[in-house]
Amino acid sequence: MKHLLSTADLSRAEAIHILDVAEEMAEVNSREVRKLPALRGKTVVNLFFEDSTRTRISFEAAAKRLSADVLNFAAKGSSVSKGESLKDTVQTLGAMGIDGIVMRHGASGAPRVLADADWIDVPVVNAGDGTHEHPTQALLDAFTMRRRLHGDASRGRALDGVRVLIVGDVLHSRVARSNAWLLRTLGASVTFAAPPTLLPATSAPFGAAVHHDLDVALAEDPDVVMTLRIQQERMNDAFFPNPREYTRHWGLTASRFARLDERTLIMHPGPMNRGLEIAGVAADDPRSTVVEQVENGVSVRMAVLYLALTGDQQKETVA
Ligand code: NCD
């Protein structure tokens, strides 16, 4: 793996390998000294043109636990606000000597532009590009499902037959898109439940089935219910009448949550709008993996950085 730009680029074997390496990293993260020398002497730049809390800190923690040096670049407060182009920004950083770029950008496809351009020749990891993709989020979601569903027998396994319901703002969600590709590659089935205004205008978006009634979708007893954040910052129009109406039809409310099977997993990529797309009682229940997702994110990003920066595809053991 040179770059990680899209989960659609991953084969089943590659995806399972990343998750298996992430298991090794999780083992390191459970030790008293959470550190490996694997990327000592390497420099990773976090190039963030869009706001982020958990993803940026998670990548920073991941790189540091592999002993890499980390440079954090936020477009706010940089020369980007003086109009400097992506090319000039990247060439400036490249002149300082860097070995990998983690990029978040508001424009879909920006990490691909960087990976394909000859401005700099280092691995690029997509940390979220516009409404397009967020591959490490999908990998950490798959890792979390695999651990919850297969426990200690997770290594080497996929998610065959697992039924995942993704609810809410699919239209603006790079998380939904990356998950749809990856989950299908791993053998899971994906259904979206969303109002027509918050779905792409195709019959089977990203290969997923669609329900326009959340209660009908929940009655099918999915193994996983993943709620998505309403992405108000990407909405320049009225996509639903008002927040109360949205919650009534599309929220994982306390009463919908109470009707779920006791083994159903509840997921959310964060940040959550509590009370809007998900009730506090659902988010805080032991069936919810919200905090585990964040914890697993560090292990998964360690695996991705390790594989991308060392160019290692085969090695099974990292510790
Ligand atoms: C997601 C994102 O930024 O795409 N958040 C995250 O990385 N955990 C989802 C979101 O913002 O709703």
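Thresholds, definitions, all that
- Residues numbered from 1 in each chain as written.
- Predicted model: local features only at pLDDT ≥ 70, side-chain atom pairs only at ≥ 80, totals over all residues.
- Heavy atoms only, no water.
- Helix = DSSP H or I, 4+ residues; strand = E, 2+ residues; numbered from the N terminus.
- Rg over C-alpha atoms; globule rule 2.2 N^0.38 Å.
- Buried < 20%, exposed > 50% of the residue type's maximum accessible area, 1.4 Å probe, protein only.
- Contact = heavy atoms within 4.5 Å.
- Areas by Shrake-Rupley, 256 points an atom, 1.4 Å probe, with all protein chains shown as cover.
- Lys, Arg positive; Asp, Glu negative; His and termini not counted.
- Charge placed at Lys NZ, Arg CZ, Asp CG, Glu CD.
- Arc of directions from axis to C-beta.
- Polar contact = N/O pair within 3.5 Å; in protein donor to acceptor, adjacent residues only side chain to side chain.
- Phe/Tyr/Trp six-rings, centres within 6.5 Å; stacked < 30°, edge-to-face > 60°.
- Pairing = 2+ DSSP bridges.
- Axes fitted to C-alpha atoms, helices over the stretch in contact; angles between N-to-C directions.
- Near = heavy atom within 4 Å.
- Domains from an automatic or database assignment.
- Buried area = accessible area lost by both parts, 1.4 Å probe.

A.B. asks: Help me understand the overall build of the protein chain, please; the structure alone is not making it clear to me.
C.D. replies: Looking only at helices and strands, the protein chain has 11 helices and nine strands in total. A globule of 319 residues ought to have a C-alpha radius of gyration of about 20 Å, and the protein chain, at 19 Å, matches this closely. Dimensions along the principal axes, computed over C-alpha positions, put the protein chain at roughly 55 × 50 × 35 Å. Buried residues in the protein chain amount to 57% of all 319 residues. For the protein chain, the proportion of contacts with a sequence separation of at least 24, taken over those separated by at least 6, is 76%. About 13,500 Å² of surface is accessible on the protein chain, with carbon and sulfur atoms providing 49% of the total. A gap of 3 Å separates the mean positions of the 36 positive and 40 negative side-chain charges of the protein chain.

A.B. asks: Could you clarify how one ought to interpret helix α8 (residues 243-250) in this entry?
C.D. replies: Think of an α-helix as turning once every 3.6 residues; residues three or four places apart then point the same way. Along α8, the positions that sit buried rather than exposed are Tyr246, Thr247 and Trp250. In a view along the axis of α8, the buried residues occupy a sector of 100 degrees, so they form one face of it. Turned more than 90 degrees away from the buried face of α8, the exposed residues are Arg244 and Arg248. In the core, the buried residues of α8 are packed alongside β5 (163-167), β6 (189-193), β7 (209-211), α7 (214-219) and α9 (254-259). Backbone nitrogen of Arg244 and a side-chain oxygen of the N-cap are separated by 3.1 Å at the start of α8; the cap is Asn242.

A.B. asks: What is the right way to read the packing of aromatic side chains from this model?
C.D. replies: On inspection of all chains with the given rule, the structure shows four aromatic pairs. Members of the aromatic cluster, joined through ring pairs, are Trp181, Phe192 and Phe206.

A.B. asks: When you look at the sheet that holds β7 in this model, what are you seeing that I'm missing?
C.D. replies: Within a beta sheet, neighbouring strands are joined by backbone hydrogen bonds and run either parallel or antiparallel to one another. Reading across from one edge, β7-β6-β5-β8-β9 is the order of the five strands in this open sheet, with parallel pairing throughout. Each of the sheet's edge strands pairs with one partner strand only, and the pair in question is β7 and β9 (265-267). The mean angle between the axes of side-by-side strands here comes to 25 degrees, regardless of whether they run parallel or antiparallel. Note that β6 and β7 share three bridges and pair parallel. Counterpart to Phe192 in the pairing with β7 is Val210.

A.B. asks: Is there a simple way to explain the site of the ligand in this structure?
C.D. replies: Near the ligand you find Arg54, Thr55, Arg104, His134, Gln137, Arg174, Val175, Arg229, Gln231, Pro269, Gly270 and Pro271, and these make up its full shell. Within the contact set of the ligand, a nitrogen atom lies 3.3 Å away from a side-chain nitrogen or oxygen of Gln137. The contact in question runs from an oxygen atom of the ligand to an N or O atom on the side chain of Arg229, over 2.6 Å. In the complex, the protein chains occlude 95% of the 310 Å² of accessible area that the ligand would expose alone.

A.B. asks: I keep staring at the domain arrangement of the protein chain and nothing clicks. Help me out?
C.D. replies: Interface size is commonly expressed as the accessible area that is lost once the parts come together. As assigned here, the protein chain comprises domain 1 (7-134 + 294-318) and domain 2 (135-289). Using C-alpha coordinates to define each centre, domain 1 is positioned 25 Å away from domain 2. Each side of the interface is counted separately: domain 1 has 33 residues, and domain 2 has 33 residues. Together, the buried faces of domain 1 and domain 2 total about 2,900 Å²; carbon and sulfur atoms form 57% of this surface.

A.B. asks: In this structure, what is going on with the sheet that holds strand β4 (residues 124-129)? I would like to understand it.
C.D. replies: Pairing is parallel in the open sheet, where four strands are placed in the order β2-β1-β3-β4. With one partner strand each, in any of the chains shown, β2 (69-74) and β4 form the two edges of the open sheet. In this sheet, neighbouring strand axes are inclined to one another by 15 degrees on average, regardless of whether the strands run parallel or antiparallel. As paired strands, strand β1 (residues 43-48) and β2 are joined by six bridges and run parallel to one another. Within the sheet, the bridge partner assigned to Phe48 lies in β2 and is Ala74.

A.B. asks: Teacher, can you tell me more about the environment of Lys64 here?
C.D. replies: Structurally, Lys64 is set in helix α2 (residues 54-65). By relative accessible area, Lys64 is classed as partly exposed at 37%. Sequence spacing of Lys64 and Pro37 is 27 residues, and the spatial spacing of their C-alpha atoms is 9.6 Å. Excluding residues that lie within four positions of it along the chain, Lys64 makes contacts with Lys35 and Val70. One polar contact links Lys64 to Glu60, side chain to side chain, over a distance of 2.7 Å.

A.B. asks: Mind showing me how you'd approach the side chain of Thr55 here?
C.D. replies: Within the secondary structure, Thr55 is located in helix α2. Residues contacting Thr55, with those up to four places away along its chain left out, are Phe48, Arg104, Ala127, His134 and Arg301.

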